[in-house]
Amino acid sequence: MTPGKMLRILALAGTTALPFITQAAQAEQASQTLRAASDVGFAPFAMVDPGGGYRGFSIDLVNELAERLGYDNVDVMDVPFSSIFSGLYADRYDMILAPTDITRERAEKMLFTEGYMSNQLGFLMPEDVSIEGPEALEGMTLAVNSGSVSESWASAHQEQYGFDVQRYDQNTDAVQAVMSGQADANIADSPSADHIAKQQPRLAVAFDVDTGSQVGLVFSRENRELRNRADRAIEQMKADGTLVELYETWFGSKPRPGGAMTMISVGHGQPGMPGHELTFDQDNQTP
C-alpha cells in the first residue's frame, strides 16, 4: 500500500458521515467487471496510451470507483458521445464514464450521481487570435463534439452571436478542423481545452464561458442500486481528497474552490434534478 493510499483510507475513517462501502457489498461484486463507456480521444479525460490501453482523468476515476465498489476488472468501451446514451439504454454497459453535463432533460431519462466537476467551456482558437468573449464570434465557424454540452451551448447561442456550427463524432476531429483552418474555434470543457493548448502550441484558449452546470456519472433508471453506491463512492473521493488529487495530476492545476469537486451533496444524485433521492443514514443519524 502506498503512503498516499494509506492517507486516503485514514481520512475516510474519520469521516463518520460517509461510511465506506461495506465488505459485504464488495463481496457481491468480487467476480464482476464494471463496464463503462467513454469517448476515448477526449483529452485529458480518456486517451489512447502509446503502450496499450487507455489513460486519463476518467480512466483513473473509474479504476478508483471500481476498487471501492469491489469490482475486480474494468472494461472501458470507446463510444462516440453522439451515440453513447443509446448504448446505455440497450444495456451494453453499466455506466457512462465520459464527462456528461447534468441537465434536466437527461435526468428525466437517466440517473446521475451528484456532480463531481463544475462545467466551464473553453474556446480553443489559433494562438494569434485575441478575442474576449462570445460577442466577437459573429461570422465564425465553431467545431463541436456531437451530443456534448458544447454542441448544446453552440445550438442555443448560434442565432444570438451569429456563428456557424460544425459537428463531429470525436472532439479530436473538431480540434483538427481548427488546426487545418476549416473552423475558427473548437468548444470543449475548459480542462480539456487547456490540456489541448499545452499539447498544441499553435492553439490557445481565447476565453471561457461558465455554464453554471456540473458533470456527473450516468446510469440507467433500472440500475438505481449501482448509481446509489457509486454516488456514495464519489462522496468519499471528495471527502478524502482523491478527486482533487486526480484533477491536479491530469489538469496541472487546482480545481476552483467551492466547486463540485469538493462540495458534498445530501442524498443520492444531483439535488434539484429528477432521480435525486433524499436519504437518511440510520447508523450515524446524518441526513
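Numbers given to residues run from 1 along each chain, matching the order in which its sequence is written. Residue-level local features of this predicted model are given only where pLDDT is at least 70; pairs of side-chain atoms are given and counted only at 80 or more, and the full residue set underlies all totals for whole chains, interfaces and linings. Calculated side-chain values reflect all of the structure's heavy atoms, with hydrogen atoms and water omitted.

Draft legend 1. Layout of the environment of V165. The residue V165 is located in strand 9 (residues 164-168) in this model. Through-space distance from the C-alpha of V165 to that of S155 is 7.7 Å; in sequence the pair is 10 residues apart. Excluding residues within four positions of it along the chain, V165 makes contact with L142, V144, A154 and Q158. Numbering of helices and strands runs from the N terminus; a helix is a DSSP stretch of H or I covering at least four residues, while a strand is a stretch of E covering at least two. What makes two residues a contact is simply this: any of their non-hydrogen atoms within 4.5 Å.

Draft legend 2. Spatial organisation of helix 9 (residues 224-239). The length a helix should cover is 1.5 Å for every residue beyond the first. With 16 residues, helix 9 should reach 22 Å at 1.5 Å per residue; the first-to-last C-alpha distance of 23 Å fits that figure. The buried fraction of helix 9 amounts to 12 of the 16 residues, a majority that puts the element mostly inside the structure. Restricting attention to buried positions, one finds in helix 9 the residues L226, R227, N228, R229, A230, D231, A233, I234, E235, Q236, M237 and K238. One or two steps after helix 9, the chain reaches G241, where phi turns positive at roughly 85°. Throughout, exposure labels follow a simple rule: accessible area from a 1.4 Å probe, protein chains only, divided by the maximum for the residue type, with under 20% read as buried, over 50% as exposed, and the rest as partly exposed.

Draft legend 3. View of the side chain of R68. Tracing the chain through its elements places R68 in helix 3 (residues 57-69). The exposure class assigned to R68 is buried, which follows from its relative accessible area of 4%. Think of a polar contact as two N or O atoms within 3.5 Å of one another; within protein, one of them needs to be a possible hydrogen donor and the other a possible acceptor, and neighboring residues in sequence only count if both atoms come from side chains. Side chain to side chain, R68 and D240 meet in a polar contact 2.8 Å long.

Draft legend 4. Geometry of the confidence of the model for the protein chain. pLDDT is a per-residue confidence score from the predictor, ranging from 0 to 100. Averaged over all residues, the pLDDT of the protein chain is 86; the fraction at 70 or higher stands at 86%. Within the model, the stretch residues 1-30 combines pLDDT values under 50 with 47 contacts to residues more than four positions away or in other chains. Note on residues 282-287: pLDDT is under 50 here. Beyond four places in sequence and across chains, it has nine contacts.

Draft legend 5. Unusual backbone geometry, seen in detail. The step from A43 to P44 runs through a cis peptide bond, and the omega angle for that step is -5°. Within the secondary structure, P44 is located in the loop between strand 1 (33-38) and strand 2 (47-48). Unusually for a residue other than glycine, D91 sits at a positive phi of about 60°. Following the sequence through the fold, D91 ends up in the loop between helix 4 (84-89) and strand 5 (95-101).

Draft legend 6. Geometry of helix 7 (residues 171-179). Those residues of helix 7 not exposed but buried are N171, A174, V175, A177, V178 and M179. Taken together, the buried residues of helix 7 touch strand 7 (117-126), strand 8 (141-145), strand 9, strand 10 (185-189), helix 8 (190-199) and strand 11 (203-220). Two residues or fewer past helix 7, G181 is found with a positive phi of approximately 85°.

Draft legend 7. Summary view of the packing of helix 8 against helix 10 (residues 242-251). Angular values range over 0 to 180 degrees, each being the angle between N-to-C directions of two axes fitted as lines to C-alpha atoms, with helices fitted over their stretch in contact. Contact geometry for helix 8 and helix 10: axes closest at 10 Å, N-to-C directions at 30°. By the angle between their axes, helix 8 is roughly parallel relative to helix 10. On the side of helix 8, the interface is formed by P191, S192, H195 and K198, while helix 10 contributes Y247, W250 and F251. Note on residue classes: Ala, Val, Leu, Ile, Met, Phe, Trp, Tyr, Cys and Pro are nonpolar, Asp, Glu, Lys and Arg are charged, and everything else, Gly too, is polar. Classifying every residue of the contact of helix 8 with helix 10 by side-chain character gives four nonpolar, two polar and one charged. Just so you know how the angles are binned, under 35 degrees is roughly parallel, over 145 roughly antiparallel, 65 to 115 roughly perpendicular, and the rest oblique.

Draft legend 8. Region of the structure containing the packing of aromatic side chains. Between the rings of Phe, Tyr and Trp (Trp by its six-membered ring), a pair exists once the centres lie within 6.5 Å; its type follows the angle of the planes, with under 30 degrees stacked, over 60 edge-to-face, and the other angles tilted. For the structure shown, the criterion picks out 11 aromatic pairs. Relative to F85, the ring of F81 lies with its centre 5.5 Å away and its plane at 80°, an arrangement referred to as edge-to-face. For the pair shown, F81 and F85 are each scored as buried. Ring centres 5.3 Å apart and planes at 80° place the aromatic pair F123 and W153 in the edge-to-face group. Placement of F123 in strand 7 and of W153 in helix 6 (residues 149-161) is noted, with a sequence separation of 30 residues between them. Classification of F123 as buried rests on a relative accessible area of 0%. Taken together, the ring pairs in this structure connect F42, F45, F57, Y116, Y247 and F251 into an aromatic cluster.

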